[in-house]
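Chain residues, written in single-letter form:
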Amino acid sequence: LNGQALVEHAGEDVTVYGTVEPVQQSGRGAAEYLFDHYIDAATVTFDDSGASAVNVEEHRDEIEEHTSADDVYERFYTSISPQIHPTDRMELAMKLVGAYLFGSPRIDPDGGPMYRGDIHLALIGDPGMAKSVLLAGAAEFSPDAEHRSATGLSSDVGLIAAAVEDEFGEGGWSLRPGILVRAGDHAIVDEIDKGPDKLEKINDALEGKQIATIDKAGIKANLKTRTGLLVSGNPKESRFDPNQPLAGQIDIEESLLSRFDAIVLLIDEPDAEQDRKVADHITNAYMDGVERVRDDGEIPEDSVTDRTVEPEVGRAWVKLGREIVPRIT
């Protein structure tokens, strides 16, 4: 493979066969007795990983049993993060996360109009609204996801890619892909408002052909970013102000917000009855965990965190669903 072809496979797991070559360090401050090691690659094979490693046939019978039920979709989305109490607004978020996971077919016929199939979803809310828990559940149900916190993204790479100078060798430059390039079906980012990127730069990566053009340090590349983006974020002042318009309180550029197919606002409004239900659910979920530890991992009867759809079944279900092109009546 040439360099451009390898860039297009950024993020995939590979096995490299070759010979390890020691190269003596040189230059100012180098020690003659220290060596860097390189692999003189002879063959690169791409490993089965992500969606390709999910076995649909192993779970097909269970999937078909679920899909024949009247409450088929409720079974799915309530299993993503059962430790969360589904308030009305949170249940809406759960439903949309389910839709995000399945996505829709990418329509890209020769000579015809193109429509992306990946769904982009944003959950913006007050602290303590279980946004991160829901994102973690989505990552667990995805057959191929990159899940990161924006606060932990490298400032020189960020969401798309960056040209970085090699720390060894002759000081050349290489392309380091970001999460939108590495991701398979889904890119899931916590605290998007606290990341290192100027977020408006990713607009083209989310829409249309979903290709990011990189031209840095003499490296030119077109990187595919065909993935669905799910993000969580906080209001500008950490909490929503009920006396101010909501639109101005979201700390994301308007041009980027327009790329999201759905934006759910999770507002922590005082409600004694609802707060009591949430507290009871959290307490019961914690006690379920205690019982699992006490009884060597046994799931307690009537557990509030019991899943109708287990994650391994959910991943197979999502993979199967993403391969279907439905006909809308």
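Residues numbered from 1 in each chain as written. Predicted model: local features only at pLDDT ≥ 70, side-chain atom pairs only at ≥ 80, totals over all residues. Heavy atoms only, no water.

Caption draft 1: Structural view of the overall build of the chain. Helices and strands together make up the secondary structure of the chain, namely 10 helices and 11 strands. Looking at the chain alone, contacts between residues at least 24 apart form 68% of all its contacts between residues at least 6 apart. For the chain, the exposed surface amounts to about 19100 Å²; the carbon and sulfur share of it is 47%. (Helix = DSSP H or I, 4+ residues; strand = E, 2+ residues; numbered from the N terminus. Contact = heavy atoms within 4.5 Å. Areas by Shrake-Rupley, 256 points an atom, 1.4 Å probe, with all protein chains shown as cover.)

Caption draft 2: Main features of a nonpolar patch on the surface. Judged by side-chain polarity, Val14, Val16, Val20, Ile39 and Val44 come together as a nonpolar surface patch covering roughly 380 Å² of accessible area. Elements supplying a minimum of two residues to the nonpolar patch: β1 (14–24) and β2 (35–46). With three residues, β1 is the largest single contributor of residues to the nonpolar patch. In this structure, Val16 sits in strand β1. Given the relative accessible area of 39%, Val16 is considered partly exposed. (Patch = residues over 30% accessible without salt bridge, like charges linked within 9 Å, V, L, I, M, F, W, Y side chains within 5 Å. Salt bridge = Lys/Arg side-chain N within 4 Å of Asp/Glu carboxyl O. Buried < 20%, exposed > 50% of the residue type's maximum accessible area, 1.4 Å probe, protein only.)

Caption draft 3: Looking closely at the environment of Gly128. Turning to its location among the elements, Gly128 is positioned in the loop between β3 (121–125) and α5 (131–141). In sequence terms Gly128 and Ile267 are 139 residues apart; their C-alpha atoms lie 10.0 Å from each other.

Caption draft 4: Structural context of the packing of helix α4 (residues 88–102) against helix α10 (residues 311–322). For the pair α4 and α10, the least separation of the axes is 8 Å and the interaxial angle reads 60 degrees. Relative to α10, α4 is oriented oblique. Contacts from Tyr100, Leu101 and Phe102 in α4 reach Trp317, Val318, Gly321 and Arg322 in α10. Among the residues forming the contact of α4 with α10, the class breakdown is five nonpolar, one polar and one charged. (Axes fitted to C-alpha atoms, helices over the stretch in contact; angles between N-to-C directions. Parallel < 35°, antiparallel > 145°, perpendicular 65-115°, else oblique. Nonpolar A, V, L, I, M, F, W, Y, C, P; charged D, E, K, R; others polar.)

Caption draft 5: Expanded view of the pairing of β3. Buried residues dominate β3, accounting for five of its five residues. Two elements, β3 and strand β10 (residues 228–233), share four bridges in a ladder whose sense is parallel. The residue bridging Leu121 from the neighbouring strand is Leu230, located in β10. In terms of strand pairing, β3 meets strand β11 (residues 262–266) through five bridges, oriented parallel. By the bridge assignment for β11, Ile124 is matched with Leu265. (Pairing = 2+ DSSP bridges.)

Caption draft 6: The arrangement of the packing of helix α2 (residues 60–67) against α10 in detail. Two elements in contact, α2 and α10, have axes separated by 10 Å at closest approach and are oriented at 75 degrees. By the angle between their axes, α2 is roughly perpendicular relative to α10. Together, Arg60, Glu62, Ile63, His66 and Thr67 of α2 and Val313, Ala316, Trp317 and Leu320 of α10 make up the contact between the two elements. Partitioned by chemical class, the residues of the contact of α2 with α10 number five nonpolar, two polar and two charged.

Caption draft 7: Just the packing of aromatic side chains, in detail. Under the criterion given, the structure shown has five aromatic pairs. Measuring from centroid to centroid gives 5.6 Å for Phe76 and Phe141, while their planes differ by 85 degrees, and the two rings are edge-to-face. Here Phe76, found in helix α3 (residues 72–77), pairs with Phe141, found in helix α5; they are 65 residues apart in sequence, far enough to count as distant. Grouping residues by exposure puts Phe76 and Phe141 together as buried. Aromatic ring contacts, followed pair by pair, group Phe76, Phe102, Phe141 and Trp317 into a single cluster. (Phe/Tyr/Trp six-rings, centres within 6.5 Å; stacked < 30°, edge-to-face > 60°.)

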